[in-house]
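# Inside the fold
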Amino acid sequence: MKAQEIEDRLIDFAVLVIDIVEDLPSSRAGNHIGGQLIRSGTSPAPNYGEARSAESRRDFIHKMKISLKELRETLIWLKVILRKKMAEGSIMIAAIAECEELISIFVASTKTADSRI
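Report on the accompanying structure.

Rules behind the numbers
Residues numbered from 1 in each chain as written. Predicted model: local features only at pLDDT ≥ 70, side-chain atom pairs only at ≥ 80, totals over all residues. Heavy atoms only, no water. Helix = DSSP H or I, 4+ residues; strand = E, 2+ residues; numbered from the N terminus. Buried < 20%, exposed > 50% of the residue type's maximum accessible area, 1.4 Å probe, protein only. Contact = heavy atoms within 4.5 Å. Areas by Shrake-Rupley, 256 points an atom, 1.4 Å probe, with all protein chains shown as cover. Core = buried A, V, L, I, M, F, W, Y, C linked by side-chain atoms within 4.5 Å. Axes fitted to C-alpha atoms, helices over the stretch in contact; angles between N-to-C directions. Parallel < 35°, antiparallel > 145°, perpendicular 65-115°, else oblique. Nonpolar A, V, L, I, M, F, W, Y, C, P; charged D, E, K, R; others polar. Polar contact = N/O pair within 3.5 Å; in protein donor to acceptor, adjacent residues only side chain to side chain.

## Overview of the overall build of the protein
Looking only at helices and strands, the protein features 5 helices and 0 strands. Listed by position from the N terminus, the elements making up the protein come as α-α-α-α-α. Projected onto its principal axes, the C-alpha coordinates of the protein cover approximately 45 × 20 × 20 Å. Scored against the burial criterion, the 117 residues of the protein give a buried share of 42%. Contacts in the protein between residues far apart in sequence, at least 24 positions, make up 72% of those at least 6 positions apart. Total accessible area computed for the protein in this model is approximately 6,700 Å², and 53% of it derives from carbon and sulfur atoms.

## Re the nonpolar core
Counting residues in hydrophobic clusters, the biggest one holds 29 residues, and the most contacted among them are Ile20, Leu37, Leu78, Ile81 and Phe106. Of all the elements in the fold, those that place two or more residues in this core are helix H1 (3–23), helix H2 (28–42), helix H3 (44–52), helix H4 (57–84) and helix H5 (89–115). Not counting the four nearest positions on each side in its chain, leucine 78 is found in contact with Phe13, Ile20, Leu37, Met92, Ala95, Ile96 and Cys99.

## Some thoughts on the packing of H2 against H3
Relative to each other, H2 and H3 sit at 25°, their axes nearing to 5 Å. Judged by the inter-axis angle, H2 sits roughly parallel to H3. Residues Ser40, Gly41 and Thr42 of H2 touch H3, and the partners they reach there are Pro44, Ala45 and Pro46. Its residues assigned to classes, the contact of H2 with H3 shows 3 nonpolar, 3 polar and no charged.

## Section: the environment of aspartate 59
Topologically, aspartate 59 is positioned in helix H4. On the accessibility criterion, aspartate 59 (18% relative accessible area) is buried. Only 2.6 Å separates the side chain of aspartate 59 from the side chain of lysine 63, close enough to count as a polar contact.

And the structure:
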């Protein structure tokens, strides 16, 4: 997969996360989870943008691992929302599936980059 395709998927994922957060209930839990999800779910795209212009392979790996960490956090928040039934099920299942695919891409990319040091 090309770097621009990954970046586009991450941007689309960030938009999906924003849509989910905007539909969460305006409650103490909804606001807390929404704040956490908006931070973790929208940060992989700009972090990946930074990784694409990394100064070294180690810098690239570091930035990719930051994106991976944020994706993993996002996955947990999405699962909490699904389990608590705070949002419509089909959009949550789609978001979780995309997050899992992105995590797989980032795991593979970091492993490949690590093996080339």
